[in-house]
Every structure is written in C-alpha cells, then in structure tokens.
Amino acid sequence: MPDLTGSPARHTCLMTLHVERGFGESLVLIPPLGGSAESFAAQLPEFARDYRTVAVTLTGNGDAAALDPDTPDIIGTHAREIADLLAELQIRRAHVVGVGYGGAVAQRFAIDHPASVRRLVLCDTWGDTTTRTVIEKALALAIKSSSLAYRALPRSVLAAATLNSYVRWPAAGRILAAQMRTARIPELRAQFKAYTSIKHSPELRTLTCPTLCLAGDAAPWLVTLGKRLAMTIPDARLEVLKNSFEPSHLCQPALFNEAVRRFLGRPAT
C-alpha cells in the first residue's frame, strides 16, 4: 500500500528498485544516468496528489542490483525492467516520464510496448546520435569523449567537478555530486556508451502517444536535440524551461512539475 503521509514506501521488484506514492492513473518516473528514485523527491509528493506515482532506480545505479557492463543492449534491458515492474505492479497503462538517460529508456519502452503508454515525457534527452553538421559532429565527439573522465578520474574529483558545474543550481549540484561519490563507474560508463549510441528515430516515427519534449535553455545543444526529437515523433511538441540545465527535474523542479502537469491535463486522443 502506498504511504501517503510519511516517507514514500520503498520496494524491490525483481532487480529494479522503486518508490511509490498515491492513487489514480499510473505515472512512472525514470531517472537520468546514475540517478535513483530518490532524485524525484520534488516530484513524488506533487504528482501523488492525483496519480499513482512510481519512481524507479534502474539496475547499475543507486542501491539497485548490479548491471553487467558487458550486457548487450543495455537500454533495451532497462526498458524490459520497466515492463517487468509494471507487470508485477499490475499496471496496464501508464504515463511515462524519462529524464536524460531515462528518456532513452522511456523511448525504448514506448517503442516496444506502445499499448502500455498513455502519454510520454522526454526531458533533456535525444532519440538519435546521428550528426548532420560540423558543429554537431564536434559536439558529439565532445560528449562521447567525456566518458574518458569516468575511467581516468577518481569519484571525489568527478563529484567536485560536478559541484563546480552547477553553481547556478546548487541544490541540483549537491544531489548529483552525492550520486557521483557512490557511483559504480564501470556500470555508469557502460550506460553512457549505450546512451551516446542510440538511433531510435526510425522507430519513434511509429509512436502514436502524445509526447512532450522538455529541455533547459541553459543547455542549447539539448534544446536542438529536443526540437529534432519533437519533429520525429508524430504527436509531439517541445517546451523549453527557463534558466534550467540538465537534469531539469533537479535544476528547476517547480517549472518541470508545472510543465508535466499541464501536459498530462491534455484530453486523451
């Protein structure tokens, strides 16, 4: 039974951890790379007022079970974890929200299980890593090369660098730095590699669920990729959040919650 008065009920389902609150239509929250269900602390009480809200921790992250870094199709594996979790919870259809890497998992889940998705929210993410311009090629190379930091630098250094990168969003920086201090680097690096290699665009064109793409204006590359994502999915639109960086649910939780709530209030099609 979800706990509506105190701390969220925390459960283990198969290999995936999840936190659940509230009643009503189901809403599933999938965190960004290295994140956990606890990163949705600002979303759980907000959406639990109207939805059965389930935040997950994917294997290889937080306190969830280990993920073999050599696992083929890591994003597909995580999407199957979501499917198994919903089956265990007897949830037939849900609104699905994915942030960053979680957005890639949400895409894969929606592609593979279209009847299970009411509405889809994809925040600070992309659907394809194919580059089209010289600038995009340089950006893609910089993003992929950043994975070297996971291999070369101690976690304490990565955590300090994270704090320095989030001076404008100190609360988000503290949460992300804390995640970095306990991250399982080989598993994190494997997920990052999978994320920066996705090519979902052809399959995304088959989606029929209403979709909201979100991106923070302080991450212009994600605005560009979010725009492309919104143009690829038939019933999708992009909304840009002011003074926000990735992940927007931590940098601008109130704006993120407002945008998602507004979108979920749309009449079903």
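Our subject is the structure listed above.
Thresholds applied
- Residues numbered from 1 in each chain as written.
- Predicted model: local features only at pLDDT ≥ 70, side-chain atom pairs only at ≥ 80, totals over all residues.
- Heavy atoms only, no water.
- Helix = DSSP H or I, 4+ residues; strand = E, 2+ residues; numbered from the N terminus.
- Polar contact = N/O pair within 3.5 Å; in protein donor to acceptor, adjacent residues only side chain to side chain.
- Contact = heavy atoms within 4.5 Å.
- Disulfide = S-S within 2.5 Å.
- Buried < 20%, exposed > 50% of the residue type's maximum accessible area, 1.4 Å probe, protein only.
- Salt bridge = Lys/Arg side-chain N within 4 Å of Asp/Glu carboxyl O.

Q: Which parts of the structure should I look at to understand the side chain of Glu187?
A: Residue placement: Glu187 occurs in helix H8 (residues 185-195). Side-chain polar atoms of Glu187 contact the backbone nitrogen of Leu67, separated by 2.7 Å. Not counting residues up to four positions away in its chain, the partners in contact with Glu187 are Gly60, Ala65, Ala66, Leu67 and Pro69.

Q: In this structure, what is going on with the state of the cysteines? I would like to understand it.
A: For the coordinates displayed, the defined rule picks out zero disulfides. Cys251 provides the cysteine sulfur closest to Cys123, a residue in no disulfide bond, and the two sulfurs are 9.5 Å apart. By relative accessible area, which is 0% here, Cys123 ends up buried. For the unlinked cysteine Cys213, the closest cysteine sulfur is that of Cys123, found at 9.6 Å.

Q: I'm lost on the pattern of salt bridges in this one. Help?
A: One side chain can pair with another of opposite charge once the charged atoms of both are near each other. Under the definition given, this model contains twelve salt bridges. Taking the shortest distance from any N to any O, the salt bridge between Glu46 and Arg261 comes out at 2.8 Å. Highlighted residues: Glu46 in helix H1 (residues 44-47) and Arg261 in helix H12 (residues 253-264), separated in sequence by 215 residues. Under the relative-accessibility criterion, Arg261 is labelled partly exposed at 24%. Across the pair Asp112 and Arg108 runs a salt bridge, and its minimum N-O distance is 2.9 Å.

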